[in-house]
Amino acid sequence: MNADTAAAATTCRWAIAGCGWVARDHFLPGLLEAARQRPATAVPSLVAVTDTDPVAAARLAARAPGVRAVPRLADLLADHRPDAVYVATPNHAHRPVAEAAAAAGAAVLCEKPLAADLADAERLVAACERAGVPAATAYDQRFHPAHQAARDVVASGGLGTVTAVRITYCCWLPPAWSPDGGHCDNWRADPARAGGGALIDLAPHGLDLVGVLLGGDDVTQLAALVQHRVHPYRVDDGAVLAGRTDGGVLVCLHVAYNTPDVLPRRRLEIVGTRGLLTATDTLGQDAGGAVWLTGADTARRVPVAFDAGASPFGGQVRRFSAAVAAARAGTARERVWPWPLRRDLALHRLLLEALARADGATPEVPPSLPAAGRIPFTTEEGRR
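The sections below set out a description of the structure shown in this document. Being a predicted model, the structure only gives us computed values, none of them experimental.

**A closer look at the state of the cysteines**
Taken as a whole and judged by the stated rule, the model has zero disulfides. With no disulfide of its own, C110 lies 8.0 Å from the sulfur of C128, the closest cysteine sulfur. Considering cysteine sulfurs only, C170 is the nearest to C171, which forms no disulfide, with 7.6 Å between them. For C171, a relative accessible area of 0% corresponds to the buried category.

In structure tokens, the structure reads:
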């Protein structure tokens, strides 16, 4: 093997389909960070992007020199032949993009939730399985260094027997929200395109994270209460979920679009018989936050160290690029990625079933809108 072939064998060529704010402001910087670090397994390289809005595609491409903005997905796949495609379209458009990418032989990293409805999610998973490509849900919170440190504390027995996981993950998302304060089509408030509101958008991260933190002990029972209280749209603007893992750990999640960003709104607690692990401001797209461990015997709070500068998106790109390279080298698909897409589909089904039961007992629109117009805009509005 010559030097050029060796270099090509350790490069993962990426494309992005859907150039909204998450792809532009978070995934792309994570990919560039991972590329600068040049991991030994596979160096990620962005080659092309596409979006139904050519302005959005051009804006993202301009942040990565040499990257092409391509009007049509079919042309991107045919002309650039990416190894992996990051699917970041609105939820209702995930399936056709993922199906096309998989059929072209590209690995698929699809934003959560897998789809706006269960039928599309099932078809998406089946298409990736038929194509035999690596495929995953883009649960970047798995790769936040703080959450990896928390997982290690649990695995070491530092909390004793874990009894409960409690998550608060909230933000402020009014009907006319946009990432930069300008005009934006807020599809997250459209039930047809999003599939739901705060519950379907924010709760998937928490449900996935529970199983990751507990070493594979996933939530298997789930109930929800949804809220239509502040914002005048047809999707829920808040929800509380209560569940239990297969191993008996109790789980509580509070998610919301109606919590002003200036308030404390992101918190993770893992309760055990020997201690309590608490993380604040780690849930979300950004690096940083704080983690500490409170011992049951001393009640003393001790900081837990982690890399506060590392992006969860960077970690996700590195890990998935390595999986794609391993599959390309002949490793069986089921061995290259520890979280099967069927497992993610099961969690998605659990969440949609809980939402369906909850929506059957709640009003479709808020009876009154007491203070929505009085909440001040912040620079972090809607980030989550």
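**A word on the sheet that holds strand β6 (residues 135–137)**
Read from one edge of the open sheet, six strands run β3-β2-β1-β4-β5-β6, paired in parallel fashion. The sheet is open, and its two borders are formed by β3 (68–69) and β6, each paired with just one other strand. Bridging between strand β1 (residues 11–17) and strand β4 (residues 84–87) involves four bridges; their strand directions are parallel. In the strand pairing of β4, A17 is matched with V87. Here helix α2 (residues 21–37) sits on the sheet and contacts β1, β2 (43–50), β4 and β5 (107–110); the angle it forms with β2, its principal contact strand, is near 150°. This element, helix α4 (residues 73–80), spans β1, β2, β3 and β4 of the sheet and lies at about 140° to β2.

**Brief notes about the nonpolar core**
One recurring pattern in soluble globular proteins is that nonpolar side chains are buried together. Counting residues in hydrophobic clusters, the biggest one holds 89 residues, and the most contacted among them are W14, L46, Y86, L241 and I270. A total of ten residues in this core trace back to one element, the largest contributor, which is helix α9 (residues 198–213). Judged by nonpolar contacts, the second largest core, of 27 residues, contains V85, V87, V97 and L124.

**Let's talk about the packing of α9 against helix α12 (residues 341–359)**
Interhelical geometry of α9 versus α12 gives an angle of 130° and a closest axis separation of 10 Å. As far as their axial angle goes, α12 and α9 are oblique. The interaxial crossing formed by α9 with α12 has right-handed handedness. Contact residues: α9 offers L199, I200, A203, P204, L207, D208, G211 and V212, while α12 offers R343, D344, L347, H348, L351, L352 and L355. Of the residues in the contact of α9 with α12, the class split is ten nonpolar, two polar and three charged.

**Looking at the packing of aromatic side chains**
Overall, the coordinates contain nine aromatic pairs when judged by the stated rule. Between F320 and W337 the ring centres are 5.2 Å apart and the planes differ by 85°, which places this aromatic pair in the edge-to-face class. Of the two residues, F320 is situated in helix α10 (residues 312–328) and W337 in the loop between α11 (333–336) and α12; the sequence distance between them amounts to 17 residues. A residue is classified by how much of its surface remains accessible, and F320, at 0% relative accessible area, is buried. Through a chain of ring-to-ring contacts, three or more aromatic side chains come together here, namely W14, F27, Y86, F143, F320, W337 and W339. The residue whose ring lies beneath R301 is W292, and the NZ or CZ to ring-centre distance is 4.1 Å.

**Digging into the side chain of T89**
Within the secondary structure layout, T89 lies in the loop between β4 and α5 (94–103). The contacts of T89, once residues within four sequence positions are left out, are A17, G18, H94 and V97.

**Here's the deal with the sheet that holds strand β7 (residues 162–170)**
Spatially, the eight strands line up as an open sheet ordered β8-β9-β10-β7-β11-β12-β13-β14, and their pairing is mixed. Each edge of the open sheet is held by one strand with a lone partner, namely β8 (219–227) and β14 (301–303). Here the strands of the sheet are splayed against their neighbours by 15° on average, with no regard to which way each runs. Bridge analysis of strand β9 (residues 238–245) against strand β10 (residues 250–256) gives seven bridges, and the strand direction is antiparallel. Within β10, the position partnered with G238 by the bridge is A256. Its contacts with the sheet put helix α7 (residues 145–155) on β7, β11 (266–272), β12 (275–280) and β13 (290–295), and the angle it makes with β11 is roughly 5°. Set on the sheet, α9 makes contact with β7, β8, β9, β10 and β11; between it and β10 the angle comes to about 150°.

Rules of the game
- In every chain, residue numbers begin from 1 and rise along the written sequence.
- Owing to the predicted nature of the model, reporting of local features is limited to residues with pLDDT of at least 70; listing and counting of side-chain atom pairs is limited to 80 or more, with chain, interface and lining totals taken over all residues.
- Only hydrogens and water are set aside; all other atoms, that is, all heavy atoms of the structure, feed into the side-chain values.
- Disulfides are defined as pairs of cysteine sulfur atoms found within 2.5 Å of each other.
- Each residue is placed in one exposure class: buried if its accessible area under a 1.4 Å probe, protein chains only, is under 20% of its type's maximum, exposed if it is over 50%, and partly exposed if it falls in between.
- Strand pairing requires that DSSP identify at least two bridges connecting the strands.
- Numbering of helices and strands runs from the N terminus; a helix is a DSSP stretch of H or I covering at least four residues, while a strand is a stretch of E covering at least two.
- Pairs of residues are marked as contacts when any of their non-hydrogen atoms sit within 4.5 Å.
- As a rule, the C-alpha atoms of each element are fitted with a line to give its axis, helices using only the stretch in contact, and angles between N-to-C directions run from 0 to 180 degrees.
- Definition of nonpolar core: a set of buried residues of the types Ala, Val, Leu, Ile, Met, Phe, Trp, Tyr and Cys, connected through side-chain atoms within 4.5 Å.
- For this classification, under 35 degrees means roughly parallel, over 145 means roughly antiparallel, 65 to 115 means roughly perpendicular, and everything else is oblique.
- Handedness of a helix crossing follows the sense of rotation of the near helix relative to the far helix, less than a right angle counterclockwise being left-handed and clockwise being right-handed.
- For this classification, the nonpolar set comprises Ala, Val, Leu, Ile, Met, Phe, Trp, Tyr, Cys and Pro, the charged set comprises Asp, Glu, Lys and Arg, and every other residue, Gly included, is treated as polar.
- To pair, rings of Phe, Tyr and Trp, with the six-membered ring standing in for Trp, must have centres within 6.5 Å; the planes then decide the type, stacked if under 30 degrees apart, edge-to-face if over 60, and tilted in the middle.
- Any Lys NZ or Arg CZ found within 6 Å of a ring centre and within 35 degrees of that ring's normal is scored as a charge over the ring.

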